[in-house]
Amino acid sequence: MPCDLFGFCKYETNKLVRIQSVRLGSLKWALNTAILVVICIMMLWNRNYQQFDLVVSSVTAKVKGVAQTNLPGVGNVVWDVVDYSGPSQDKNSFFVVTNVIVTQSQRQGKCPEVPSKGRLCRTDKDCEKGHWDQQSHGIQTGSCVKFDVLKKTCEVSAWCPVEAKTKPPRPALLAAAENFTVLIKNNIRFPAFNYIRRNILPEMNDAYLRSCQRTGDPLCPIFRLGDIVREAGEKFSDIAIEGGVIGIQIKWDCNLDRLSRRCLPRYSFRRLDEKESNKTLYPGLNFRYAKYNIVNGVEERTLYKAFGIRFDVMVFGHAGKFSFIQLIIYIGSTLSYYALTTVLIDWLIGTSCYSAEVGQNYSEKKVEAVQDKQKCILCVSYVDENNIRLVKRSQKKSLQDVKPMLVQPREENTGHLRAVLSLLQPDANADPKAEQLLAPKPDPNSSPRRPAW
């Protein structure tokens with residue numbers, strides 16, 4: 001057939017060996033059953049039969065609480081949410097002030113710079129007019145003035161007096177912020193399934209939100225700041241001194257199948273910044289802001305260096321829903337596991353679990369050894385020559401055109417030709433064609449028949 005030229009009309013398959021054995025048959029089905037159970041458990045545990053979609057989220061937070069502090073030089077000050085919330089932060093985060101350094105009654109003018117390393121002076125020559133750097137509180141005027149009885153510094157044009165304190169008070173002035181609460185509102189959506197959800201569940205009413213506590217209800221969306229810091233593995237009184245960053249993680253792992261529908265948030269907390277002061281140059285978190293007023297027609301301000309905790313709300317998760325295509329893909333990807341049964345049983349038969357005779361019999365039935373095809377060596381004789389030629393059969397040339405390997409005179413005794421063939425072709429003695437070529441000539445006196453050669 002024409003299609004046989006490229007093998008289009010042929011089909012090849014593996015050789016199958018069936019062993020009649022109760023032990024091997026029972027072991028095969030036991031292993032296949034175990035593999036099937038593992039595949040089903042992993043499919044149900046990982047929900048490999050579902051199509052998944054990632055969450056799209058938005059977060060808002062509302063902090064509530066009031067604290068009273070005694071600020072040095074100011075007196076008792078009541079802090080409400082406007083005072084301790086600080087400036088607007090990035091999205092999905094909120095800030096709470098826990099400690100503060102206050103510099104009062106600052107006015108625009110000239111005053112000595114705060115002494116620090118390399119900032120002391122002796123004469124006006126040590127001060128460069130118009131100079132400033134990143135650590136300066138103002139621009140130098142070129143004069144060297146007294147800072148106190150022992151020290152002299154360069155005079156600067158700035159808001160005077162300049163901020164002198166650098167280390168925050170211990171303990172923190174707003175340690176009462178531990179009892180503040182925050183309401184976190186998280187709206188999520190899974191676009192692939194057009195599913196919308198929020199962490200304030202439909203059954204949560206106003207009375208529930210006024211009384212719920214996270215310690216007794218893990219779904220309560222109102223959190224006490226002290227509980228958040230404690231669950232993050234920190235102590236509020238320590239982190240409140242220099243500030244820090246706490247992460248609030250909301251995980252949504254939703255199953256949208258009808259029979260097992262479940263979509264609830266899970267909250268966890270961790271600290272995100274480096275807390276050890278001796279391991280980082282600028283530990284904690286702080287910023288400055290000012291409150292301005294007019295006194296006797298002159299603008300004044302009160303400078304606040306606020307230390308606090310920033311809470312970053314991070315939302316992640318996915319939702320799954322049954323998909324027939326995903327189920328077929330998972331089944332197809334796990335069919336190869338059944339090959340482990342064949343590998344294990346073949347290994348057991350080849351080991352000492354079975355006798356050597358059984359293993360050898362199985363190996364002979366399953367494995368068929370085939371040697372490479374050797375080139376055939378022929379003995380060729382022509383009627384007009386008294387010689388015998390040893391040539392290799394060629395598929396491209398005729399025997400007359402093939403160069404002989406050896407030429408020997410024709411003799412009645414062919415033992416030497418047999419010896420040559422045994423060296424050139426070890427299997428020549430087993431070749432019936434070679435036996436015919438090397439057979440002795442027939443007796444001419446015998447009955448007439450075709451010569452054997």
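Fair warning: this is a prediction, and the values are worked out from it, not measured in the lab.

(A) The arrangement of the UniProt feature "transmembrane region" (unreviewed entry) in the protein in detail. Mapped onto the present numbering, the UniProt feature "transmembrane region" (unreviewed entry) falls at residues 26-45. Taken end to end, residues 26-45 has its terminal C-alpha atoms 28 Å apart, with 100% of it in helix and 0% in strand.

(B) Seen up close, helix α7 (residues 339-350). The first and last C-alpha atoms of α7 sit 17 Å apart over 12 residues, in line with the 16 Å expected at 1.5 Å per residue. Within α7, burial applies to T341, I345, L348 and I349. Buried residues in α7, looked at end-on, bunch into an arc of 100°, giving them a common side. Away from the buried face of α7 by more than 90 degrees, exposed residues L340, V343, W347 and G350 are located. Those residues of α7 hidden inside the fold are in contact with α1 (22-46) and α8 (356-366).

(C) Inspection of the packing of α1 against α7 at higher detail. In contact at an axis separation of 10 Å, α1 and α7 are set at 145° when each is read in the N-to-C sense. Both α1 and α7 take part in a crossing whose hand is right-handed. When α1 is examined against α7, the residues L24, L27, K28, L31, N32 and I35 are found in contact with a partner set consisting of L340, T341, L344, I345, L348 and I349. Considering only residue class, the contact of α1 with α7 consists of 9 nonpolar, 2 polar and 1 charged.

(D) Focus on the pairing of strand β3 (residues 67-71). Taking every second residue as pointing to the same face, the buried face of β3 carries A67, T69 and L71, while none of Q68 and N70 on the other face is buried. Direction of pairing for β3 relative to strand β4 (residues 75-79): antiparallel, over a ladder of 5 bridges. Bridging across to β4, L71 finds its partner in G75. If you look at the hairpin formed by β3 and β4, you'll find 3 residues sitting between the two strands, and G73 has a positive phi there, around 80°.

(E) Region of interest: the pairing of strand β14 (residues 298-322). Sheet topology places strand β1 (residues 50-54) next to β14; 5 bridges connect them, and they run antiparallel. Its bridge partner lying in β14, Q51 is registered against K321. Pairing of strand β5 (residues 93-112) with β14 involves 11 bridges; the strand directions are antiparallel. Bridge pairing in β14 places V102 opposite Y304. By the bridge criterion, 12 bridges tie strand β11 (residues 244-255) to β14 in an arrangement that is parallel. Looking at β14, one finds that Q249 is bridged to M314.

(F) Fine view of the packing of aromatic side chains. Using the criterion set out here, one finds 10 aromatic pairs in the structure. With 4.9 Å between their ring centres and 70° between their planes, F223 and Y267 make a pair best called edge-to-face. Linking F223 in strand β10 (residues 222-224) with Y267 in strand β12 (residues 265-271), this pair joins segments that are 44 residues apart in sequence. Overall, Y267 belongs to the buried group, its relative accessible area being 9%.

Parameters at a glance
- Residues numbered from 1 in each chain as written.
- Predicted model: local features only at pLDDT ≥ 70, side-chain atom pairs only at ≥ 80, totals over all residues.
- Heavy atoms only, no water.
- UniProt positions renumbered as here; feature names shortened; annotations may be inferred.
- Helix = DSSP H or I, 4+ residues; strand = E, 2+ residues; numbered from the N terminus.
- Expected span 1.5 Å × (residues − 1).
- Buried < 20%, exposed > 50% of the residue type's maximum accessible area, 1.4 Å probe, protein only.
- Arc of directions from axis to C-beta.
- Contact = heavy atoms within 4.5 Å.
- Axes fitted to C-alpha atoms, helices over the stretch in contact; angles between N-to-C directions.
- Left-handed = near helix turned anticlockwise from the far one by under 90°.
- Nonpolar A, V, L, I, M, F, W, Y, C, P; charged D, E, K, R; others polar.
- Pairing = 2+ DSSP bridges.
- Phe/Tyr/Trp six-rings, centres within 6.5 Å; stacked < 30°, edge-to-face > 60°.

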